[in-house]
Amino acid sequence: MTESKTILEIKNLNASIDDIKILNNLNLTVNAGEIHAIMGRNGSGKSTFSKVVAGHPAYNILNGDIKFKGNSILNLEPEERSHLGIFLAFQYPIEIPGVSNEDFLRLAYNAKMKSLNKPEIDPIEFFSYITKKLEIVEMDPIFLTRNVNEGFSGGEKKRNEILQMALLDSELAILDETDSGLDIDALKIISKGINELMNKNKAIILITHYQRLLDYVKPDFIHVMQKGKIIKTGNSELAKELEIKGYEWLKDEAEI
């Protein structure tokens, strides 16, 4: 049996924003073929974790390390991390007036191709390519002509994020509360897309408050984050326990 390839390794990571420490000795290892879910109360550090891994410039790394496929990425810019194979789906996708979805997606795709020393594709080739990806999230091609996320419903914005994930074909996808604000139909579509994009060479980290996403996308590990660190790890049963008990019963573990 071959040993799984480590995609992401976080060691004793401490990070702050505006001189407020958010992450506290955070440790996490994610291997290829694994889906991890990170749960926790608001303010526990979940979104900070995702932004720090993606390279958000507002956060200051105090100490520790983030390794992607064995190499430290602390000194890399966000776009360099993206080109290496890290994707972050935002909790609140922003609107970009005046930029069509098709142009935005094509430029993102070609930027990655350029970084890999592969040929860029023209608009006609791209339309053929992206149309196949649209089927994954059940989006009509008309969405390509609209400005990025402008006038999109919450569900459409989140589907657009998964479309980007499909397009960039990243090895590590971090999905920050992709399930928030979704009705059951949109949740099923997005979950189907996530499952379709997952394979043995990739890894996914789901950040969520709720059990319901995990009914459709089955994680291998569930981590509970409090006070900027992971205080408990379990299997899918842990999410069901949290749904019933909440987080109060873990208070003592957070203080250890």
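Scroll up a little and you will see the structure.
Everything numeric here is computed off the predicted structure, so don't read it as measured data.

What to know about the overall build of the protein chain
- Helix and strand counts for the protein chain come out as eight helices and 12 strands.
- In terms of C-alpha radius of gyration, the protein chain reaches 18 Å, essentially the compact-globule figure of 18 Å for 256 residues.
- In terms of principal-axis extent, the alpha carbons of the protein chain reach across some 55 × 45 × 40 Å.
- Across the 256 residues of the protein chain, 49% fall into the buried class.
- Pairs at least 24 apart in sequence give 69% of the contacts found in the protein chain among residues at least 6 apart.

A look at the nonpolar core
- Ile162, Met165, Leu175, Ile204 and Leu206 are the most contacted members of the largest nonpolar core, which totals 46 residues.
- Of all the elements, helix H5 (residues 154-168) adds the most residues to this core, at six residues.
- Setting aside residues up to four positions removed in sequence, Leu175 forms contacts with Phe87, Ala89, Ile162, Met165, Ile194, Ile204, Ile205, Leu206 and Ile207.
- Counting residues in hydrophobic clusters, the runner-up holds 27 residues, among them Leu8, Leu23, Val52 and Ile207.

Regarding the pattern of salt bridges
- Inspection of every chain in the model, using the stated rule, returns nine salt bridges.
- A salt bridge links Lys11 to Glu9, with the shortest nitrogen-to-oxygen separation between them at 3.6 Å.
- According to the relative accessible area criterion, Lys11 is partly exposed, its value standing at 39%.
- Owing to a relative accessible area of 24%, Glu9 belongs among the partly exposed residues under this scheme.
- Linking Asp103 and Arg106 is a salt bridge whose minimum nitrogen-to-oxygen distance equals 3.1 Å. One end of the pair is Asp103 and the other is Arg106, both in helix H3 (residues 101-115) and three residues apart, which spans about a single turn.
- On the basis of relative accessible area, Asp103 is assigned to the partly exposed category, the value being 34%.
- Of the residues examined, Arg106 reaches a relative accessible area of 17% and is grouped as buried.
- Look at the salt bridges and you will find they share partners, linking Lys5, Lys69 and Glu171 into a network.

Thoughts on the sheet that holds strand S5 (residues 71-72)
- Spatially, the four strands line up as an open sheet ordered S2-S1-S4-S5, and their pairing is antiparallel. With partners counted over all chains shown, the strands left at the sheet margins are strand S2 (20-31) and S5, one partner each.
- Note: strand S1 (residues 6-17) against strand S4 (residues 60-68), seven bridges, orientation antiparallel. Bridge pairing links Lys11 to Asp65 in S4.
- Here helix H1 (residues 46-54) sits on the sheet and contacts S1, S2 and S4; the angle it forms with S2, its principal contact strand, is near 70°.

Focus: the side chain of Arg81
- Following the sequence through the fold, Arg81 ends up in helix H2 (residues 78-84).
- In this structure Arg81 is buried but unpaired, with Glu80 as the nearest side chain of opposite charge at 7.0 Å.

Focus on the sheet that holds strand S3 (residues 35-39)
- Pairing is mixed in the open sheet, where six strands are placed in the order S6-S9-S10-S3-S11-S12. Here the strands that pair on one side only, and so sit at the sheet edges, are strand S6 (86-89) and strand S12 (229-234). The sheet shows a mean angle of 20° between the axes of neighbouring strands, taken without regard to direction.
- Here S6 runs beside strand S9 (residues 172-176); their pairing, made up of four bridges, is parallel. When the bridges of S9 are listed, Ile86 appears paired with Leu172.

Cut-offs used in this document
- Residues numbered from 1 in each chain as written.
- Predicted model: local features only at pLDDT ≥ 70, side-chain atom pairs only at ≥ 80, totals over all residues.
- Heavy atoms only, no water.
- Helix = DSSP H or I, 4+ residues; strand = E, 2+ residues; numbered from the N terminus.
- Rg over C-alpha atoms; globule rule 2.2 N^0.38 Å.
- Buried < 20%, exposed > 50% of the residue type's maximum accessible area, 1.4 Å probe, protein only.
- Contact = heavy atoms within 4.5 Å.
- Core = buried A, V, L, I, M, F, W, Y, C linked by side-chain atoms within 4.5 Å.
- Salt bridge = Lys/Arg side-chain N within 4 Å of Asp/Glu carboxyl O.
- Pairing = 2+ DSSP bridges.
- Axes fitted to C-alpha atoms, helices over the stretch in contact; angles between N-to-C directions.
- Lys, Arg positive; Asp, Glu negative; His and termini not counted.

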